[in-house]
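Examining the three-dimensional arrangement
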Amino acid sequence: MHPAIAIDGPAASGKSTVAKLIADRLGYTFINTGAMYRAVTWYMLEQGIDPADTDAVLAALPSVPLSFGKDGSRSIVLCNGSPLTEELTRQEVNDHVSTIAAIPEVRSLLVNRQRDYNRQEPVVMEGRDIGTVVFPDTPFKYFVTASEEVRAARRAAEGLTDSIAERDRKDSSRATAPLAQAQDALLVDTSDMSIDQVVNFITDNIQQKLSAR
Ligand code: CDP
Ligand code: CDP
């Protein structure tokens, strides 16, 4: 089994930024699972499907023309063979992604795809349920967080409007695979840490665990 590094945490805590850099350092593939939930949400909206209409979402799900691939050492999502990019961070996607991500059938479809990546190679995967559900047996689990003020400021600095508090509330309270720190995950509060400090801290911890295996 290839190593799987699980990085979970709330919105705008810096998960993607640090996961990508850690993957580069280790030479592993970086997998952004949020992009997969965002892609399903974008597609439903494009089809005029109301994300709150679970029956309509489930009816469309089997024929969603999305595929999950790689561009170099990073995961990408394609729709009818074309990579999705800016579509995934649109405001309407932010507003509805937590509703789509709460549907158990959507989650099981995507979790299977996420596990497929690790069958081929070592991965650094970031999301909400990677340490709790996707790879519950991995010894490499990190819960990356920061205060709500710091997270809101980080999003604002990117010039993006994002409903982070609302998404976190929905993500933490859903019945299936809620956002939660795995019992055996290492908590990393990045409120007062630079990106470099976070990357060094987690990479050192991974390397210690790898050399002790
Ligand atoms: O990067 P950001 O924190 O804005 O969010 P993201 O990682 O792109 O995830 C977008 C949304 O997808 C989250 O708010 C969750 O509703 C959902 N998600 C999830 O349920 N499980 C995951 N493993 C990853 C994302
Ligand atoms: O993936 P997630 O939503 O958790 O966060 P992100 O999109 O990786 O990071 C949000 C913003 O915070 C980015 O602009 C990062 O450069 C910044 N950041 C930071 O300022 N300090 C950190 N320790 C981590 C991220």
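Residues numbered from 1 in each chain as written. Chains lettered and ligands numbered in written order. Predicted model: local features only at pLDDT ≥ 70, side-chain atom pairs only at ≥ 80, totals over all residues. Heavy atoms only, no water.

Here we come to the layout of surface pockets. Roughly 1200 Å³ of volume is contained in the largest pocket. Residue lining of the largest pocket: 49 residues in total, with S16, N32, R38, E126 and R155 positioned closest to the centre. Looking at the lining of the largest pocket residue by residue, the class counts come to 16 nonpolar, 17 polar and 16 charged. Quantified by volume, the second largest pocket comes out at close to 170 Å³. (1 Å grid on protein atoms, 1.4 Å probe; cavity = no way out; pocket = protein on both sides within 12 Å on 5 of 7 lines; lining within 4 Å. Points joined across faces, edges and corners; volume = space filled by probe spheres on them. Nonpolar A, V, L, I, M, F, W, Y, C, P; charged D, E, K, R; others polar.)

Once that is clear, we can look at the nonpolar core. One finds V40, M44, L66, L84 and V106 to be the most contacted residues of the largest nonpolar core, which totals 35 residues. Of all the secondary structure elements, the ones that give two or more residues to this core are β1 (4–8), α2 (33–46), α3 (54–60), β4 (74–79), α4 (91–101), α5 (104–120), β6 (123–127) and α6 (130–134). With 8 residues, α2 is the largest single contributor of residues to this core. With near-sequence residues (within four places) excluded, V40 lies in contact with L61, L66, I100, V106 and L110. In terms of nonpolar packing, the next biggest core, distinct from the first, is built from 18 residues, I5, V188, V199 and I206 among them. (Core = buried A, V, L, I, M, F, W, Y, C linked by side-chain atoms within 4.5 Å. Buried < 20%, exposed > 50% of the residue type's maximum accessible area, 1.4 Å probe, protein only. Helix = DSSP H or I, 4+ residues; strand = E, 2+ residues; numbered from the N terminus. Contact = heavy atoms within 4.5 Å.)

Now for the site of ligand 2. For ligand 2, the set of nearby residues contains 14 residues, the closest of which are A12, G14, K15, S16 and T17. Separating a nitrogen atom of ligand 2 from a side-chain N or O atom of R154 is a distance of 3.5 Å. Between ligand 2 and R155 there is a distance of 3.0 Å, counted from an oxygen atom to a side-chain nitrogen or oxygen. For ligand 2, whose accessible area on its own is 540 Å², the fraction buried by protein is 81%. One can see that ligand 2 is located within the largest pocket. It is helix α1 (residues 15–26) that contributes the most residues to the shell around ligand 2, 3 residues altogether. For the shell around ligand 2, the per-class residue count stands at 5 nonpolar, 5 polar and 4 charged. (Near = heavy atom within 4 Å. Polar contact = N/O pair within 3.5 Å; in protein donor to acceptor, adjacent residues only side chain to side chain. Areas by Shrake-Rupley, 256 points an atom, 1.4 Å probe, with all protein chains shown as cover. Sits in = over half its atoms within 2 Å of the grid points.)

Time to look at the site of ligand 1. For ligand 1, the set of nearby residues contains 20 residues, the closest of which are R38, R107, R155, R167 and D171. The contact in question runs from an oxygen atom of ligand 1 to an N or O atom on the side chain of K15, over 3.3 Å. R155 places a polar side-chain atom, nitrogen or oxygen, 2.6 Å from an oxygen atom of ligand 1. For ligand 1, whose unbound accessible area comes to 530 Å², protein coverage reaches 97%. Spatially, ligand 1 is embedded in the largest pocket. At 4 residues, the largest contribution of residues to the shell around ligand 1 is made by α2.

On their own, these measurements won't tell you what the molecule is for.
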